[in-house]
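Secondary and tertiary structure notes
The residues making up each chain are set out below.
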Amino acid sequence: MTKKPNHKQHSGHDKHAGHSPAMFKRRFFICLALTLPVLYFAPSFQEWFNYQAIQFTGSNWVTPILSTVIYFYGGLVFLKGAYREIRSKIGMMTLVALAITVAFVYSVAVSLGLEGNSFYWELATLVDIMLLGHWIEMTSVQGASRALEHLANLVPSVAHKKINGQGNGQIEDVPVSELVESDLILIRPGEQIPIDGEVIDGKSSVNEAFLTGESRPVVKKASDEIVAGAVNGEGALTIKVTRTGDQTTLSQIMRLVKEAQASKSQYQNKADRLAGWLTYTAIAVSTLTFIVWLSVGSGGLTFAINRAVTVLVITCPHALGLAIPLVIINATSMAAKNGILVRNRDAFERARGIKTIAFDKTGTLTKGEFGIQQIYTDGIEESSALVIAASLESLSEHPLGQAIVQEAQKRDRQLDQATDFKAVAGQGVEGVVNNQQYRVGRPEWVEELKLKFPPALKKGLQESESRGESAIALMDDQQVLAVFGLADQVRESAREAVKKLQEMGVQVVMITGDAEAVAKTVAEDLHIDRYYARVLPEDKANLIRKLNAEQPTAFVGDGINDAPALTEADLGLAIGAGTNVAIESADLVLVKSDPLDATYALKLAKATYNKMIQNLFWATGYNVIGIPLAAGIAAPFGIVLSPAVGAVLMSISTVVVSINAMLLRRVNLDD
């Protein structure tokens, strides 16, 4: 699998540039109203329904005049589209314009004296049906693209700016566009966050579902980052503006979604080529049909033109032009709702063929935060040892010490007051808890202090170190009381992600710069058979290149340190990006920093591919039957398709393609 350049492209499906559903809707209903008199005066309709149209002076010109208005007013959009296509590459608009122009010119010629039968009613109904089809198409596409509109509507236009600083200063409502970095703004309970910032004061739960897809509120307190579009909960927050304008998280998300929906996939290129060939085929077959029926003499000039026009109409690559874009638009919108941002369409097409997925360990499969894995004690209860150690470490800022404090909080243990606290550089901390002197620090400190190290705890220390854990000892004045084994905590979702990927037949590989013992422990915990330890950042890209040589490989990393590896992989997934979503080196951005989303991305990619193939098959396959019928191959058996019927069949194929693309939304990514 060859990685394609990650540059921006624009879809060739731009026949609707400057158009809107409202415009097609308006033209459709006006033309429909004008069509009713045309149908009423049509000789064919009078014969079929056995009635006689009223006659008055100039009644013979009602149909030509109304049909002329329909041709120029309703058909103008197709004529303009054909003009643009002829200057670049002919396509669907050219076929429609050619069909209605041939029908119109011939019918006018008949009205002016040419021998034959006009088909004004076919012209009118053809324009009506084409306008209806394009109205449905644009409504479907815009409906699938509403993700951007919904995102844009998330941000309030006004912010409560604090004029005199953080205290009880004056509050002034100002437009969000006027805010600059370092401004302080107040977010009241229940309000949406108007801009990205850092919490300076206050504590509240915040709903970030628009960003992460996770409906459960997240607690925000001082120093936490907060993003525009999130909904504040029960508390008031004062935040300092950190990003404005196009730099905000929401603006970056909108840009990524828009680029993904506008970019061009290899399957869109195939669809464009098929549409091109279908257009040339339609013109060739239409011309041949006209010549054959005219030379045979059956039905005369009118019948020959009727067959030629029907071929042009039924072969319009309308459905083909819509087959891929509508699937991609639905896929990118669905991905965004699940916290997966797609930077380009090619990502989906590469993702379906991934056979190996390599994860960076720290911050991806693990939380990047230390946690207690095991506690060994001797002569003291485990809970008592935890409380003593946490009481001392609560006065320290060391990451390992904070992990002990967090474990005590997790177990709802009440900490004791520590006095005479002292930090000993390079060793640990010491102080008095409950009138007893204790120390918490490196195991090597025990030997320096010449304290007793019970055999059971020595064994526990050895076990902890064999797993690659960082060990901390709790000591009193005589001996070691407990040994805490700490390690980077494995994400719970990582276990589920690895299991699901393996069930999907994808090989999971772990890459880490940590020691062999650490890598082995995490790999065994996650049931990963293949892992690489002590890999330097600059060597990750080479390793990914080797994995690529074996089979198509994806790499999941943090998007910052892992940029070369993300670029080297067939599919790069940036995780741990948080609110810095514009990761230029990645194909997909997993906003929730959840490895489980990698499985969702692969499942959605496969579902997207299946829908694209189904749509391509339907959009082209129906022509195998439609073109011969339109050309009149079944005419000897009494089966003849009119241009209007051909337009209906072509529109039905478009509707089927649209519905099939919409069904992508029903894919359950949790299965």
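Residues numbered from 1 in each chain as written. Predicted model: local features only at pLDDT ≥ 70, side-chain atom pairs only at ≥ 80, totals over all residues. Heavy atoms only, no water.

Stated precisely, the cut-off is as follows: UniProt positions are given in the numbering used here, feature names are shortened, and annotations may be inferred rather than shown by experiment.
Under an unreviewed UniProt entry, the protein chain has the name Heavy metal translocating P-type ATPase and belongs to Pseudanabaena galeata UHCC 0370. In its Subcellular location (unreviewed entry) section, the UniProt record describing the protein chain reads: "Cell membrane". In its Sequence similarities (unreviewed entry) section, the UniProt entry covering the protein chain states "Belongs to the cation transport ATPase (P-type) (TC 3.A.3) family. Type IB subfamily."

1. Section: the layout of surface pockets
Over the atoms, a rolling probe the size of a water molecule traces out where space has been left empty. The following threshold applies: The way it works is a 1 Å grid over only the protein atoms, where trapped points that fit a 1.4 Å probe form a cavity and open points with protein on both sides within 12 Å along at least five of seven lines form a pocket, and then any residue with an atom within 4 Å of a point lines it. Grid points are joined across faces, edges and corners, and a volume is the space filled by probe spheres set on the points. In this text, helices come from DSSP runs of H or I with a minimum length of four residues, and strands from runs of E with a minimum of two, each type numbered from the N-terminal end. Any residue that is not Ala, Val, Leu, Ile, Met, Phe, Trp, Tyr, Cys, Pro, Asp, Glu, Lys or Arg is counted as polar, Gly included; the first ten are nonpolar and the last four charged.
In this model, the second largest pocket occupies a volume close to 760 Å³. Taken together, 29 residues line the second largest pocket, and the ones lying closest to its centre are Pro43, Ser44, Asn117, Ser118 and Trp121. Of all the secondary structure elements, the ones that give two or more residues to the lining of the second largest pocket are helix H1 (21-41), helix H2 (43-49), helix H3 (62-74), helix H5 (92-111), helix H6 (120-144) and helix H11 (300-314). Tallied by class, residues from the lining of the second largest pocket come to 14 nonpolar, 13 polar and 2 charged.

2. Looking at the pairing of strand E11 (residues 356-360)
The test is simple: For every residue, the accessible area obtained with a 1.4 Å probe (protein chains only) is divided by the maximum for its type, and the residue is called buried under 20%, exposed over 50%, and partly exposed between those limits. Strands are labelled as partners when DSSP assigns at least two bridges between them.
The buried fraction of E11 amounts to 5 of the 5 residues, a majority that puts the element mostly inside the structure. Examined bridge by bridge, E11 and strand E18 (residues 507-511) share 5 bridges and lie parallel to one another. Its bridge partner lying in E18, alanine 358 is registered against valine 509. Here E11 pairs with strand E20 (residues 553-557) via 4 bridges, running parallel. Looking at E20, one finds that isoleucine 357 is bridged to alanine 554.

3. Focus on the nonpolar core
So the rule is basically this: Within this scheme, the nonpolar core is defined by two criteria: the residues are buried Ala, Val, Leu, Ile, Met, Phe, Trp, Tyr or Cys, and they are joined through side-chain atoms within 4.5 Å. For this analysis, residues touch if any pair of their heavy atoms sits within 4.5 Å.
Counting 56 residues, the largest nonpolar core has Ile357, Leu571 and Leu573 as its most contacted members. Contacts of leucine 571, omitting those with residues within four sequence positions, involve Ala347, Ala351, Ile354, Thr553, Ala554, Phe555, Asp587, Leu588 and Leu602. Core analysis: the next-biggest nonpolar cluster, separate from the first, contains 49 residues, Met23, Leu39, Met130 and Ala631 among them.

4. Points about the packing of aromatic side chains
As a reminder of what qualifies: Whether two aromatic rings pair depends on their centres lying within 6.5 Å, for rings of Phe, Tyr and Trp, where Trp uses its six-membered ring; planes under 30 degrees apart make the pair stacked, over 60 edge-to-face, and the rest tilted. For a lysine, the NZ atom is tested; for an arginine, the CZ atom; a charge sits over a ring if that atom is within 6 Å of the ring centre and within 35 degrees of the ring normal.
Applying the stated criterion to the full structure yields 14 aromatic pairs. Consider the rings of tyrosine 71 and phenylalanine 104, whose centres lie 4.2 Å apart with planes at 5°: the pair is stacked. With tyrosine 71 in helix H3 and phenylalanine 104 in helix H5, this residue pair connects regions lying 33 residues apart in the sequence. Each member of the pair tyrosine 71 and phenylalanine 104 is classed as buried. Note on tryptophan 293 and phenylalanine 303: the rings are 4.9 Å apart at their centroids and 80° apart in plane angle, and the pair reads as edge-to-face. Of the two residues, tryptophan 293 sits in helix H10 (residues 266-296) while phenylalanine 303 sits in helix H11, which places them 10 residues apart along the sequence. Members of the aromatic cluster, connected to one another through ring pairs, are Tyr40, Phe41, Tyr51 and Phe56. Positioned over the ring face of tyrosine 73 is arginine 27, at 4.8 Å from the centre of the ring.

5. Thoughts on the sheet that holds E11
Basically, it comes down to this: Angles run from 0 to 180 degrees between N-to-C directions of axes, and those axes are lines fitted to C-alpha atoms, restricted for helices to the stretch in contact.
Ordered by their spatial adjacency, 7 strands build an open sheet running E10-E22-E21-E20-E11-E18-E19, and the pairing between neighbours is mixed. The open sheet has two edge strands, strand E10 (340-342) and strand E19 (530-532), and neither has a second partner. If you compare each strand with its neighbour and ignore which way they point, the axes differ by 20° on average. Two strands pair when backbone bridges link them, and E10 and strand E22 (residues 588-590) are joined in this way by 3 bridges, in the antiparallel orientation. Of the residues in E22, the one forming a bridge with isoleucine 340 is leucine 590.

6. Some words on a nonpolar patch on the surface
Our working definition: Exposure above 30% relative accessible area and no salt bridge define the residues that can form patches, which grow by joining like charges within 9 Å and nonpolar side chains of Val, Leu, Ile, Met, Phe, Trp and Tyr within 5 Å. Surface accessibility in these figures is a Shrake-Rupley result with a 1.4 Å probe; residues are shielded only by whichever protein chains are displayed. Salt bridge, as used here: a side-chain nitrogen of Lys or Arg that lies within 4 Å of a carboxyl oxygen of Asp or Glu.
Together, Trp618, Val645, Val648, Leu649, Ile652 and Val656 make up a nonpolar patch on the protein surface, roughly 430 Å² of accessible area in all. Among the elements that take part in the nonpolar patch, helix H24 (residues 643-662) stands out by supplying 5 residues, more than any other. Structurally, leucine 649 is set in helix H24. Owing to a relative accessible area of 33%, leucine 649 belongs among the partly exposed residues under this scheme.

7. Regarding the pattern of salt bridges
Across all of its chains, the model carries 18 salt bridges by this definition. Aspartate 488 is the salt-bridge partner of lysine 361, the closest N and O atoms lying 3.5 Å from each other. Of this pair, lysine 361 sits in helix H14 (residues 361-365) while aspartate 488 sits in strand E17 (residues 480-490), and the two are 127 residues apart along the sequence. Each member of the pair, lysine 361 as well as aspartate 488, is classed as buried. A salt bridge links glutamate 568 to arginine 545; its shortest N-O distance comes to 3.3 Å. Pair noted here: glutamate 568 is in helix H22 (residues 563-568) and arginine 545 is in helix H21 (residues 537-550), with a separation of 23 residues, a long-range link. You can call glutamate 568 partly exposed: its relative accessible area is 25%. A relative accessible area of 41% means that arginine 545 is categorised as partly exposed. In this structure, a network of salt bridges that share partners links the residues Glu382, Glu407, Lys410 and Arg411.

8. Here we look at helix H16 (residues 399-410)
What counts is decided by this rule: Expected helix span is given by 1.5 Å per residue-to-residue step, counting one fewer step than there are residues.
In this model, H16 (12 residues) spans 16 Å end to end at C-alpha, consistent with the 16 Å of a helix rising 1.5 Å per residue. Among the residues of H16, Leu400, Gly401, Ala403, Ile404, Val405, Glu407 and Ala408 are the ones counted as buried. Among the structural elements, strand E12 (366-377), helix H15 (382-393), strand E16 (470-475) and E17 are those in contact with the buried residues of H16. Positive phi shows up at aspartate 412, right after H16, with a value of about 60°.

9. Quick word on the pairing of strand E21 (residues 571-575)
The buried count for E21 comes to 5 of 5 residues, which makes it a mostly enclosed element. Across the two faces of E21 the burial is the same, with Leu571, Leu573 and Ile575 and Gly572 and Ala574 all buried. Relative to E21, E20 is paired through 4 bridges, and the arrangement is parallel. Each bridged residue has a counterpart across the sheet, and for glycine 557 the counterpart in E21 is alanine 574. Pairing of E21 with E22, which is carried by 3 bridges, proceeds in the parallel orientation. If you follow alanine 574 over to E22, its bridge partner there is valine 589.

10. Re the side chain of aspartate 360
Within the secondary structure layout, aspartate 360 lies in strand E11. Residue classification places aspartate 360 among the buried positions, given a relative accessible area of 7%. The contact partners of aspartate 360, leaving out residues within four places of it in the chain, are Leu365, Ile511, Lys540, Phe555, Val556, Gly557 and Asp562.

11. Looking at the packing of H3 against helix H4 (residues 76-87)
Note the following rule: For classification purposes, an angle smaller than 35 degrees is called roughly parallel, one larger than 145 roughly antiparallel, one from 65 to 115 roughly perpendicular, and anything else oblique.
Interaxial distance between H3 and H4 falls to 4 Å at its minimum, and their mutual angle equals 50°. In terms of axis orientation, H3 runs oblique to H4. Residue-level inspection shows Tyr71, Phe72, Tyr73 and Gly74 of H3 in contact with H4, the latter providing Leu76, Val77, Phe78 and Leu79.

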